Amino acid sequence: MTAPDAAEPEPTATVSPPVAAVSLPVSGAMTDRLVDFVGVLREHGITAGPSETVDAARAIVALGLSDPHRLRSGLAATLLRRDGQRAVFDQLFDLYFLGVARVEPERTSSPEELREELVAALSSTAQAVPTDLARRSLTLLGGYGGAGAGQNGGPVSAASGMGWSSYQTMKTLRPEELIERVAAAMGARTPLESAVHTIEARRRVEGFQAAVRTEALLRTAELRGTGHIARRGVEAATDRIDFLGAREQDLAEMRRMVAPLARKLATRLSARRKKAVRGHIDLRRTLRRSMATGGVPIDPVLRARRHGRPDLVVLADLSGSVSGFAEFTLHLIQALQDQFTRVRSFGFVDTCDEITAFFAPGEPPAPGIATRIIRESGVSRFGSSNYGEAFRGFADGYAEILGPRTSLLILGDARTNRTDPALDTVRLLVERAAHAHWLNPEPARSWSTGDSAAHRYAEHITMHECRTVEQLSRVIARLLPV
């Protein structure tokens, strides 16, 4: 692991220039809507420039507005460039290109009658999601603050307290019970058919849930404004979700990203190595040689490229507050272990123990690995984070593995529960290692608040903010050895 290469400066956030209106036969209102849509996509990390916007306008002209599903596919093909962006794109597309039904469907008298209709509709042979039932369900069960009365008026202030909730709707309808009833209504005759019907019933109920979420999003946007909901009410892409605020389903999606992300980083590293195959220019020796040609550097002198890969030692906080971040990072590093001579992983809560054996190369990450490590290894005695004790324990038992070819990587939020942070021990570990970096899942603005000792540790070791998968992958890519 090396420090960031001088030829590869850290990426900085840039603001794309505003997209000019396109000179295509699209109405002015639709042009404005498309430009607003692209602007919101950028705010959510989906890069789309003027050329992609022009392509999207041409797609609208070619596909028309009569079929929203066809239009959605066309705009996705012109505006998306990376995996993992489609979920955010679909939510924003619904806000900008789908409209709310102006006439409220006839209300159902009770939730039980609605359930009966849902079971009948979802168990039928029809494949289309019953959109009208999604609207009726939300009307009956999803309104709060007065919205449930079927109001469909103009925009109101964000502080009005009115809105529509898909969660409230589905909580009343009880999705798991719906799945069982739909599967039973399909009439299985064998255990195999029963299992197949259960899978199909779950798929259909999830499709219905998605329709309810879309309808709730559209109605709330009509109440509070499309721009407001597009910026505040749309779920972020998985690679932009904070590790510390991720839900279990978010963590599961992150685990699925480990292998593709590792391949991407390895490919990027391979390209860097090809560029550096002859080494970098030695400016001092090049200028000295240029004296023979009148100061013109005709024959540049290159530094010899260092060969070999370093050892990597990872020291990870596995306490509950940061376990999701630690799990993902440890799996990612194991997937990249071909970039190092050897990788050894150590975990800690209030004591330290080696956990390399828990992360087998090539095996998909298992959920709850941190809990298993705490149960089966010696990383915890009392259960509360104690960085000082953990660092001293590592120094006493494993300091000899650090050397001039070893890179040290520490993972954790540096919240010490107001115990001794053992700064002298950290300084000793950093001095023994060739390179040392600390990846912190908390925002930098929090490093000096409460019981965090991050600002004190940062005086002795380079600390990086890694709140999301996107930030983590960028930092890891810069720190990988060349």
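Above this text is the structure in question.
Residues numbered from 1 in each chain as written. Predicted model: local features only at pLDDT ≥ 70, side-chain atom pairs only at ≥ 80, totals over all residues. Heavy atoms only, no water.

### What about the packing of helix H1 (residues 28-43) against helix H4 (residues 86-97)?
What counts, and what does not: Note on method: axes are straight lines fitted to C-alpha atoms, helices fitted across the in-contact stretch only, with angles between N-to-C directions ranging 0 to 180 degrees. The helix count covers DSSP runs of H or I at least four residues long, the strand count covers runs of E at least two residues long, and both are numbered beginning at the N terminus. Between 65 and 115 degrees an angle is taken as roughly perpendicular, under 35 as roughly parallel, over 145 as roughly antiparallel, and anywhere else as oblique. For any pair of crossing helices, the crossing counts as left-handed if the nearer helix is rotated counterclockwise from the farther one by less than a right angle, and right-handed if it is rotated clockwise. Residues are treated as being in contact if the distance between any of their heavy atoms lies within 4.5 Å.
Viewed as axis vectors pointing N to C, H1 and H4 meet at an angle of 155 degrees, and their least axial separation amounts to 10 Å. Here H4 runs roughly antiparallel to H1, going by the angle between their axes. Two packed elements cross with a definite hand, and for H1 against H4 that hand is right-handed. Contacts between H1 and H4 involve Met30, Arg33, Leu34, Asp36, Phe37, Val40 and Leu41 on the former and, on the latter, Phe89, Leu92, Phe93, Tyr96 and Phe97.

### A word on the pairing of strand E4 (residues 342-348)
The side chains of a regular strand alternate between the sheet's two faces. Basically, it comes down to this: Categorising residues by exposure relies on relative accessible area from a 1.4 Å probe, with only protein chains included: less than 20% of the type maximum marks a residue as buried, more than 50% marks it as exposed, and the intermediate range marks it as partly exposed. Here, strands pair whenever DSSP counts at least two bridges between them. For the handedness criterion, the strands are oriented away from the viewer, and a crossover whose path from the first strand over the helix to the second runs clockwise is classed as right-handed.
Most of E4 sits inside the fold, with six of its seven residues counted as buried. Judged from the seven bridges that link them, strand E3 (residues 311-317) and E4 form a sheet pairing that is parallel. Across the sheet, residue valine 314 finds its bridge partner in E4, namely serine 345. On the question of chirality, the crossover connecting E3 to the parallel E4 by way of helix H14 (residues 323-335) is right-handed. As judged from the three bridges shared by E4 and strand E5 (residues 352-354), these two strands associate in the antiparallel manner. Bridging across to E5, phenylalanine 348 finds its partner in cysteine 352. Hairpin connection from E4 to E5: three residues lie between these consecutive antiparallel strands.

### Remarks on the environment of alanine 326
Mapping alanine 326 onto the fold places it in helix H14. Looking at alanine 326, the relative accessible area reads 0%, which means it is buried. The residues touching alanine 326, leaving out its near neighbours within four places in the chain, are Ala316, Asp317, Leu318 and Leu411.

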